[in-house]
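# Secondary and tertiary structure notes
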Amino acid sequence: MSGTTTSALTIAQFPCLNDNYGYLVHDETTGETVAIDTPCALTYRAELQKRGWTLSAIWNTHHHHDHTGGNLDLKQMAGVKIYGPASEKIPGMDVGLKGGDSFEFGSGSQVSVLDVGGHTAGHIAYYLPKDSKLFCGDSLFALGCGRMFEGTPTQFWSSLQTLRSLPEDTLVYCAHEYTEANAKFALSVEPSNTDLQSRASEVRQKRSKGDPTVPTSIGEEKKTNPFFRVDFSEEIRMRVGVNDDDTGADAFHKVRKAKDSFRG
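How each quantity is defined
- Residues numbered from 1 in each chain as written.
- Predicted model: local features only at pLDDT ≥ 70, side-chain atom pairs only at ≥ 80, totals over all residues.
- Heavy atoms only, no water.
- Core = buried A, V, L, I, M, F, W, Y, C linked by side-chain atoms within 4.5 Å.
- Buried < 20%, exposed > 50% of the residue type's maximum accessible area, 1.4 Å probe, protein only.
- Contact = heavy atoms within 4.5 Å.
- Helix = DSSP H or I, 4+ residues; strand = E, 2+ residues; numbered from the N terminus.
- Expected span 1.5 Å × (residues − 1).
- Arc of directions from axis to C-beta.
- Pairing = 2+ DSSP bridges.
- Salt bridge = Lys/Arg side-chain N within 4 Å of Asp/Glu carboxyl O.
- Axes fitted to C-alpha atoms, helices over the stretch in contact; angles between N-to-C directions.
- Parallel < 35°, antiparallel > 145°, perpendicular 65-115°, else oblique.
- Left-handed = near helix turned anticlockwise from the far one by under 90°.
- Nonpolar A, V, L, I, M, F, W, Y, C, P; charged D, E, K, R; others polar.
- Right-handed = clockwise from strand over helix to strand, strands pointing away.

Further remarks concern the nonpolar core. Membership of the largest hydrophobic core comes to 50 residues, with the highest contact counts inside it found for Trp59, Tyr126, Leu134, Phe135 and Leu160. Once residues lying within four places of it in the same chain are set aside, the contact partners of Phe135 are Ile11, Tyr23, Val25, Ile36, Thr61, Ala125, Tyr126, Leu128 and Tyr173. By size, the runner-up hydrophobic cluster in this structure holds 16 residues, among which are Cys16, Tyr44, Ile58 and Ile90.

Before going further, it helps to spend a moment on helix α10 (residues 248-261). Helix length check: α10 (14 residues) gives 20 Å between terminal C-alpha atoms against 20 Å at 1.5 Å per residue, within 8%. Listed in full, the buried residues belonging to α10 are Ala249, Ala251, Phe252, Val255, Arg256 and Lys259. Projected onto a plane normal to the axis of α10, the buried residues spread over an arc of 160 degrees and lie on a single side. The secondary structure elements touched by the buried residues of α10 are α4 (153-164), α5 (179-189), α8 (226-229) and α9 (234-240).

Right, let's get into the side chain of Arg256. Tracing the sequence through the fold places Arg256 in helix α10. With residues near it in sequence (within four places) discarded, Arg256 still touches Cys145, Gly146, Arg147, Met148 and Phe227.

This part takes up the pairing of strand β10 (residues 124-128). By the criterion of burial, β10 is predominantly enclosed, with five of the five residues buried. Burial along β10 is two-sided: the residues Ile124, Tyr126 and Leu128 and Ala125 and Tyr127 are all buried. Alignment of strand β9 (residues 109-115) against β10, held across four bridges, turns out to be antiparallel. Paired with Ser112 across the bridge in β10 is Tyr127. In this structure, β10 lies alongside strand β11 (residues 133-137), joined through three bridges in antiparallel fashion. Bridge pairing in β11 places Tyr126 opposite Phe135. Following β10, the chain reverses through four residues before pairing antiparallel with β11; Ser132 in that reversal takes a positive phi of roughly 55 degrees.

A few words now on unusual backbone geometry. Along the chain, Val214 connects to Pro215 via a cis peptide bond; the corresponding omega equals 10 degrees. When you line up the elements, Pro215 lands in the loop between α6 (194-208) and β13 (216-217). Although it is not a glycine, Ser132 sits at a positive phi angle of roughly 55 degrees. Take Ser132: it is sitting in the loop between β10 and β11.

So, on to the pattern of salt bridges. All told, the structure shown has 16 salt bridges when counted by the stated rule. One salt bridge in this structure joins Asp260 and Arg147, with 3.3 Å as the shortest N-O distance. Of this pair, Asp260 sits in helix α10 while Arg147 sits in the loop between β11 and α4, and the two are 113 residues apart along the sequence. For Asp260, a relative accessible area of 24% gives the class partly exposed. Given the relative accessible area of 39%, Arg147 is considered partly exposed. As a salt-bridge pair, Glu235 and Arg239 come within 3.9 Å of each other at their nearest N and O atoms. Placement of both Glu235 and Arg239 in helix α9 is noted, with a separation of four residues, approximately one turn of the helix. On the basis of relative accessibility, which here comes to 18%, the residue Glu235 falls in the buried class.

Glancing now at the environment of Leu24. Positionally, Leu24 belongs in strand β3 (residues 20-27). The contact partners of Leu24, leaving out residues within four places of it in the chain, are Thr10, Ile11, Ala12, Phe14, Thr33, Val34, Ala35, Tyr44, Glu47, Leu48, Trp53 and Leu55.

Two numbers describe how α5 lies on α6: the axes approach to 9 Å, and their chain directions differ by 155 degrees. Taken together, the axes of α5 and α6 lie roughly antiparallel to each other. The handedness of the crossing between α5 and α6 is left-handed. Of the residues in α6, those touching α5 at Thr179, Glu180, Ala183, Ala186 and Leu187 are Leu196, Gln197, Ala200, Val203, Arg204 and Arg207. Each residue belonging to the contact of α5 with α6 can be placed in one class, and the counts come to six nonpolar, two polar and three charged.

Our next topic: the pairing of β11. Within β11, five of the five residues are buried, which leaves it mostly tucked inside the rest of the structure. Note that β11 and strand β12 (residues 171-174) share four bridges and pair parallel. Directly across from Leu134, in β12, lies its bridge partner Val172. Handedness of the crossover joining β11 and β12 through α4: right-handed.

Structure, rendered in structure tokens:
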């Protein structure tokens, strides 16, 4: 679908399965290439062949099959190591990671592992601060966040606060193209947000042409994502029934439940 280059890194982004995005991160200096999750091994193999890249590693964000389904197939390539959350069952995992860990990739990119549990209990994200890039799986979406399958509201809200605190120019590479549906819900809970109105229109135009709405940025999400805004947007709080004595986690949970039942 696309390839963007910043510093020594090129990011290849391409559709997988029904609505997943696949990502390959390639260091132009060292030739190392990492896959961010593996929805579909065939699609990844085709992209690697097209670009002439050799896979070095897989970075898994969580255990769901649409993120790990290609692990074992791709691990058959010589030298491929699989990284993932230590607390989850990741097929073929060689290196278990937890929030607070860090390591280097390529010619000097520092990778910080963030604990972003909530969608699954052990969900992690990979943050490259020097390159202003975040690979966050299903913890955060453009205009949304993942369903809370295993975590708790307190855990998930803490994860979202961690992500919201990153620099605003951080590019967010999330795992699904859900933005148009997310925009409809966001407008239902904060219809007077003019930034959101403009963004929703841009999203509709992009999707009508089949263009991706990902990556987004932390700054854009702070202006328009209801899951980032529920602790200070009075309109969102009123529309989902947040009370004065509700905690931030309580407020987040009310938005999450409203989204779960939204049929717009």
